[in-house]
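# Observations on chain architecture
Spelled out, the chains give:
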Amino acid sequence: MGLKVGETLAQRYQIEKHLGRGGNAQVYLAYDVESGRKRAIKEINQSGDSRIYAFARREAQIIWKLKYPYFPQIFDIVETEQADYIIMEFLEGETAGERLIRLGSLPAGEVVRMAMDLCLMLSYLHRYTPSLVYCDMKPDNIMIQSAGNLRLIDFGAVMESGQESKESSLRLGTRGYAAPEQFDMNKCVDARTDIYALGVTMYQLLTGKGPELVEKKCGKCSKFFDCRFRLSQFRKLERIICKCVREDPGERYQDCDALREDLSRAFCGK
């Protein structure tokens with residue numbers, strides 16, 4: 001099973017390279033002979049876990065409806081008896097996770113700019129009808145393009161705001177970044193769930209340390225911050241991040257606008 005390099009899908013998409021895999025899906029780089037552009041093709045195998053297949057289909061439908069410039073664009077869906085093929089915009093660049101591997105950590109100013117842009121993207125989801133929660137914010141899901149523009153990728157964990165985790169038989173999200181309520185089958189997710197993960201992401205981008213590598217507790221935060229984080233150049237961000245990652249959602253920022261305003265006031269003098 002799977003497409004092969006040199007194969008043509010739907011008499012249009014010439015497969016050039018296998019890019020990777022995850023769960024029930026394979027991802028390929030292809031050349032679209034009609035548009036003359038490169039495309040990413042996500043292959044969803046129907047013979048695997050039916051729940052994962054359903055979520056992958058749902059992800060495609062969500063992105064198709066959103067049509068937001070900071071999210072990947074879907075151009076076509078090709079259905080066969082064995083698999084569905086989601087034809088998507090091919091995004092060139094590197095993920096924030098790849099940049100961390102390359103550089104070790106990122107300058108505070110760059111982290112703030114990224115966080116402010118991500119606040120705008122998350123706010124768009126939170127204000128959508130119905131309100132959506134991204135549920136998987138982490139460096140690996142942030143694409144940095146050559147001009148410095150950010151794109152949010154991988155919408156496989158998206159849930160409706162107020163939805164209880166127990167309504168899904170799959171617990172979606174990434175341990176370490178996910179808010180406590182995200183893996184509590186009796187609690188709901190909302191905008192504050194994404195704010196928590198964004199706080200963890202900012203911490204990792206600043207320090208280069210994964211959320212699981214922790215040493216010292218920060219007040220009421222459910223995350224732990226190491227000594228390196230307590231440097232003078234990070235003190236403003238430390239306060240903001242600590243508020244993002246409070247264990248109690250009621251003690252976090254209540255929406256991304258408030259978080260973005262605090263970041264702007266602390267680092268842009270506004």
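Structure: see above.
It should be emphasised that the depicted structure is a prediction, and the values quoted were computed from it without experimental measurement.

For the chain, the count of helices and strands is six helices and 11 strands. Relative to its 270 residues, the chain shows a buried fraction of 50%. A separation threshold of at least 6 residues defines the contact pool for the chain, and within that pool the share at least 24 residues apart is 56%. On the chain, roughly 13000 Å² of surface is accessible, and the fraction owed to carbon and sulfur atoms is 47%.

To continue, consider the pattern of salt bridges. With the rule as written, the count across this model stands at 15 salt bridges. Here Arg 99 makes a salt bridge to Glu 94, at a shortest N to O gap of 2.7 Å. Note on Glu 94: relative accessible area 15%, which makes it buried. Taking the shortest distance from any N to any O, the salt bridge between Asp 257 and Arg 127 comes out at 2.0 Å. Here the residue Asp 257 occupies a position in helix 6 (residues 256–267), and Arg 127 occupies one in helix 3 (residues 108–127), the gap between them amounting to 130 residues. Residue classification places Asp 257 among the partly exposed residues on the basis of a relative accessible area of 35%. If you follow the salt bridges from partner to partner, you end up with Arg 12, Asp 32, Glu 34 and Arg 39 in one network.

Turning next to the nonpolar core. Among the nonpolar cores identified, the biggest contains 55 residues, and Met 137, Leu 152, Phe 155, Leu 259 and Leu 263 are the most heavily contacted of them. For this core, the element with the highest residue contribution is helix 3, accounting for 11 residues. What Leu 259 contacts, discounting residues up to four positions off in sequence, is Cys 119, Ile 195, Leu 198, Ile 240, Cys 244 and Tyr 253. In terms of nonpolar packing, the next biggest core, distinct from the first, is built from 11 residues, Ala 30, Ile 41, Ala 83 and Tyr 85 among them.

The next subject is the packing of aromatic side chains. With the rule as written, the count across this model stands at seven aromatic pairs. Ring centres of Phe 71 and Tyr 124 lie 6.0 Å apart, and the angle between their planes is 70 degrees; on these two criteria the pair is classed as edge-to-face. Here Tyr 124 lies in helix 3 and Phe 71 lies in the loop between helix 1 (50–66) and strand 5 (74–79), a separation of 53 residues in the sequence. Judged by its relative accessible area of 2%, Phe 71 falls in the buried class.

Calculation criteria
Residues numbered from 1 in each chain as written. Predicted model: local features only at pLDDT ≥ 70, side-chain atom pairs only at ≥ 80, totals over all residues. Heavy atoms only, no water. Helix = DSSP H or I, 4+ residues; strand = E, 2+ residues; numbered from the N terminus. Buried < 20%, exposed > 50% of the residue type's maximum accessible area, 1.4 Å probe, protein only. Contact = heavy atoms within 4.5 Å. Areas by Shrake-Rupley, 256 points an atom, 1.4 Å probe, with all protein chains shown as cover. Salt bridge = Lys/Arg side-chain N within 4 Å of Asp/Glu carboxyl O. Core = buried A, V, L, I, M, F, W, Y, C linked by side-chain atoms within 4.5 Å. Phe/Tyr/Trp six-rings, centres within 6.5 Å; stacked < 30°, edge-to-face > 60°.

These figures come from the coordinates and say nothing about function on their own.
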